[in-house]
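Chain by chain, the residues:
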Amino acid sequence: MDWLWLALASAWLLGFYEIAKKTSLRDNSVFGVLCASSWCGLALVLVLSLALRVSPESARRYGLELAPLAPLDHLRVLGKAVLVSASWVATFFALKHLPLSLAGPL
């Protein structure tokens, strides 16, 4: 029965997140909000990456090793980044111009 409370908490937090995104887009451009969001995410990833490089034994313990990529793998990551970025731009434009009840489930 504990999973029920976790599911409700997750739904509540996701709803709060959607409201926060809609509010941030109210008087700002989509690309500005998306850029700020991406920079914050990049900062978190860089901090985690640096922490894992300083303590590789902790990375192995938690299964967070950073493996080197081949050139083809870099192209695949780039392709995925383009697809995800296009999806985010479309989602943020929908969130800005549609009511939250329509844009949220998208």
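Further up the page is the structure itself.
## Remarks on the packing of aromatic side chains
Right, on to step 1. Tallied over the entire structure, the rule returns two aromatic pairs.
Right, on to step 2. Residues Trp12 and Phe16 carry aromatic rings whose centres are separated by 6.0 Å and whose planes lie at 10° to one another, so their mutual orientation is stacked. Within this pair, Trp12 and its partner Phe16 are both found in helix H1 (residues 2-25), separated by four residues, close to a single helical turn.
Right, on to step 3. Assessed through its relative accessible area of 61%, Trp12 is described here as exposed.
Right, on to step 4. Between Phe31 and Phe93, the aromatic rings sit 5.8 Å apart at their centres with planes inclined by 75°, giving edge-to-face as the arrangement. Here Phe31, found in helix H2 (residues 30-54), pairs with Phe93, found in helix H4 (residues 71-97); they are 62 residues apart in sequence, far enough to count as distant.
Right, on to step 5. The exposure class of Phe93 is partly exposed, given its relative accessible area of 32%.

## Comments concerning the nonpolar core
Soluble globular proteins: nonpolar side chains tend toward being buried together.
Right, on to step 1. If you look at the biggest cluster of nonpolar residues, it comprises seven residues: Leu25, Val30, Val33, Leu34, Phe92, Leu95 and Ala103.
Right, on to step 2. Elements supplying a minimum of two residues to this core: H2 and H4.
Right, on to step 3. Per element, the largest residue contribution to this core is three residues, and it comes from H2.
Right, on to step 4. Residues contacting Leu95, with those up to four places away along its chain left out, are Glu18, Lys21, Lys22, Leu25, Leu100 and Ala103.

## Considerations on the packing of H1 against H4
Right, on to step 1. Interhelical geometry of H1 versus H4 gives an angle of 80° and a closest axis separation of 9 Å. One way to sum up the angle between H1 and H4 is to call them roughly perpendicular. Residue-level contacts link Glu18, Lys21, Lys22 and Leu25 of H1 to Phe92, Leu95 and Lys96 of H4.

## Description of the environment of Val82
Right, on to step 1. Mapping Val82 onto the fold places it in helix H4.
Right, on to step 2. You can call Val82 exposed: its relative accessible area is 52%.
Right, on to step 3. For the pair Val82 and Ala51, spaced 31 residues apart in sequence, the C-alpha to C-alpha distance is 27 Å.

Rules of the game
Residues numbered from 1 in each chain as written. Predicted model: local features only at pLDDT ≥ 70, side-chain atom pairs only at ≥ 80, totals over all residues. Heavy atoms only, no water. Phe/Tyr/Trp six-rings, centres within 6.5 Å; stacked < 30°, edge-to-face > 60°. Helix = DSSP H or I, 4+ residues; strand = E, 2+ residues; numbered from the N terminus. Buried < 20%, exposed > 50% of the residue type's maximum accessible area, 1.4 Å probe, protein only. Core = buried A, V, L, I, M, F, W, Y, C linked by side-chain atoms within 4.5 Å. Contact = heavy atoms within 4.5 Å. Axes fitted to C-alpha atoms, helices over the stretch in contact; angles between N-to-C directions. Parallel < 35°, antiparallel > 145°, perpendicular 65-115°, else oblique.

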